[in-house]
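Topology and contacts: notes
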Protein chains: 2
Amino acid sequence: MTRWALQLEYDGAGFVGWQRQAVGLSIQAVLEEAAAHLAEAPVTAITAGRTDAGVHAMGQVVHIDLDRDITGGKLAAALNFHMKPHRIAVVRAAAVAADWSARFSAIRREYRYVISNRRSRPALDDGRVWHLPHPLDVSLMSQGARHLLGRHDFTSFRAASCQANSPWRTLDRLDIIRTGDTVEILAEARSFLHHQVRNMVGTLKLIGEAHRPPDSMADILRAAHRSAAGPTAPPQGLFLMAVRYPEDVFGK
Amino acid sequence: MTRWALQLEYDGAGFVGWQRQAVGLSIQAVLEEAAAHLAEAPVTAITAGRTDAGVHAMGQVVHIDLDRDITGGKLAAALNFHMKPHRIAVVRAAAVAADWSARFSAIRREYRYVISNRRSRPALDDGRVWHLPHPLDVSLMSQGARHLLGRHDFTSFRAASCQANSPWRTLDRLDIIRTGDTVEILAEARSFLHHQVRNMVGTLKLIGEAHRPPDSMADILRAAHRSAAGPTAPPQGLFLMAVRYPEDVFGK
């Protein structure tokens, strides 16, 4: 039996998210069914981040166990063949130790949230951005974001459905960058609570539109209640960019 | 009557290209029909670049004449409303002089061609890149590209259907840039022949795969025959990024 780490890219549109649901197609189901073509028994995929419906990934990482003699390149090609025509691709595959876990070995998750901040609706990037027609003040947003850096109780930014044992997380990066009409929010942490990135973005939006002062972010954190923060930003602007491990499993 | 310059963004997939055709939906038809809602008579749109079927635009520029008292913001919003649900958007609209032409006043066209250069097929960028699984040597491609800079007879890179009077063009920029698995080709000129960018890219691909030496580009130019150059690169990797005019008509 070999454990394989897989780097996945996918377009979240049309999927119910990573995890299998009672109704609808999940990324997990497409991948596991493709892997089943290469195995004698059902295959279970364990992921570094259970992305929600509509959320995209450039650098999702998962692991599967396969009892088959195959190279990483051939495994990726075979899975990509069987996952057609779904917009999911295995970009890299690497054999890892039997106790390596895509989920538990991960030491950092990197997310990017993209906002199209212009009057007219997006045409090329429709389904890949949150369209906010009113001008966002990125410097106010950056001031607000600063309060969230470091170790905090993030209960105010946590979905009711969140299954984590603790609401404490350490946020290592929360940068807001404008390039023309595009505003990107880059968030990095060892791990995030369910909906944490989208809830932070939804709150930063209120600050960027000057509906709340940047320093209100400190009060929102302190309230430790979901209703203190802003609404959840929509999923289609969110991309899981990368997952980091102590060693670079995919090499280069 | 007011002449309006419009900056357009569109996803070329599913369109027969800019120009109206006997069969299929064109960008021109969608825009002109949206504009007809705001006019008493049919509206004709003149474009800076007649993009082919499948080619995308971030910064296409066109002009239309309208006999209607309206602001640029309201005009863009009205056209975007009527163009729904097509993936075409007016990003900016500006009133210009009656003798200004999106086509004839243009002094520079900027194109970007995107290649996904990795083993696995593109998932997120499917339909927006040319997928080339074999590693491209960008330094060979850059050496080849250098021969094309400046003023030349570009007959070898010209489609049979090209309607230009002269095959002479001045190429101001042809840069090849790799970022991870993505190779971008940036081309700028006052104007291009029909298929010129895609034919240059198709030839650079042969050089990047070491099927032809970089210096063969000089011979290909000199041959002044289409068969001397490589095949036409597919449309979905090409983006019309910007059109420049003596004055910045859209301001900032």
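The rules behind the values
Residues numbered from 1 in each chain as written. Chains lettered and ligands numbered in written order. Predicted model: local features only at pLDDT ≥ 70, side-chain atom pairs only at ≥ 80, totals over all residues. Contact = placed C-beta atoms within 7 Å. Helix = DSSP H or I, 4+ residues; strand = E, 2+ residues; numbered from the N terminus. Nonpolar A, V, L, I, M, F, W, Y, C, P; charged D, E, K, R; others polar. Least-squares fit on C-alpha atoms with pLDDT ≥ 70 in both. Axes fitted to C-alpha atoms, helices over the stretch in contact; angles between N-to-C directions. Left-handed = near helix turned anticlockwise from the far one by under 90°. Core = buried A, V, L, I, M, F, W, Y, C linked by C-beta atoms within 7 Å. Buried ≥ 20, exposed ≤ 12 C-beta atoms within 10 Å, placed from the backbone. Domains from an automatic or database assignment. Arc of directions from axis to C-beta. Pairing = 2+ DSSP bridges. Parallel < 35°, antiparallel > 145°, perpendicular 65-115°, else oblique.

Below, the discussion takes up the interface of chain A and chain B. Listed as interface residues are 21 residues of chain A and, on the opposing side, 21 residues of chain B. In terms of residues, the side of chain A that touches chain B owes the most to one element, strand β4 (residues 88–96) of chain A, which gives 4 residues. Split by residue class, the side of chain A that touches chain B holds 10 nonpolar, 4 polar and 7 charged.

Here we come to the relation of the copies chain A and chain B. Once chain A is rotated about the relating axis by 180° and shifted along it by 0.0 Å, it coincides with chain B to within an RMSD of 0.0 Å. The operation mapping one copy onto its partner corresponds to a two-fold rotation axis. Among all residues of chain A, the one whose C-alpha sits closest to the rotation axis is A:D125, at a distance of 5.5 Å. Take the interface residues of chain A: 100% of them recur as interface residues in chain B, which is what a same-surface contact looks like.

This paragraph deals with the packing of helix α1 (residues 27–36) of chain A against helix α2 (residues 72–83) of chain A. Residue and element names in this part refer to chain A. Closest axis-to-axis distance for the α1/α2 pair is 9 Å, and the angle between their directions is 120°. Handedness of the α1/α2 crossing: right-handed. Contact with α1, carried on its side by V30, L31, A34 and A35, involves L79, H82 and M83 of α2 and no other residues of that element.

This part is about the nonpolar core. The biggest cluster of nonpolar side chains holds 65 residues, and the ones touching the most others in it are B:L6, B:L31, B:V62, B:I88 and B:Y113. Counting residues per element, this core draws most heavily on helix α4 (residues 196–208) of chain B, at 6 residues. Viewed by domain, this core spans two of them, domain 1 (2–105) and domain 2 (108–242) of chain B, each represented by three or more residues. Beyond its immediate stretch of four places on either side in the chain, B:L6 contacts B:V61, B:V62, B:I64, B:V90 and B:A93. A:L6, A:V30, A:A34 and A:A102 belong to the second largest nonpolar core, which has 63 residues in total.

A few words now on helix α3 (residues 138–146) of chain A. An α-helical segment advances 3.6 residues per turn. Residues three or four places apart therefore align on the same side. All names here are of chain A. M141, G144 and A145 are the residues of α3 that are buried. Projected onto a plane normal to the axis of α3, the buried residues spread over an arc of 100° and lie on a single side. Tucked into the core, α3 has its buried residues touching β8 (168–179), α4 (196–208) and α5 (216–223).

Our next topic: the pairing of strand β1 (residues 2–10) of chain B. Residue and element names in this part refer to chain B. Counting buried positions along β1 yields 7 of 9 residues, so the element is predominantly enclosed. Pairing of β1 with strand β3 (residues 56–66) involves 8 bridges; the strand directions are antiparallel. In the sheet register, W4 faces β3, and the bridge partner there is I64.

A few words now on the packing of α3(A) against α4(A). Residue and element names in this part refer to chain A. Put simply, α3 and α4 touch, their axes get as near as 8 Å, and they point 130° apart. Relative to α4, the element α3 lies oblique. By crossing handedness, the relation of α3 to α4 is classed as right-handed. Counted together, V138, L140, M141, G144 and A145 of α3 and L204, I207 and G208 of α4 form the full contact between these two elements. Looking at the contact of α3 with α4 residue by residue, the classes come out as 6 nonpolar, 2 polar and no charged.

On their own, these measurements won't tell you what the molecule is for.
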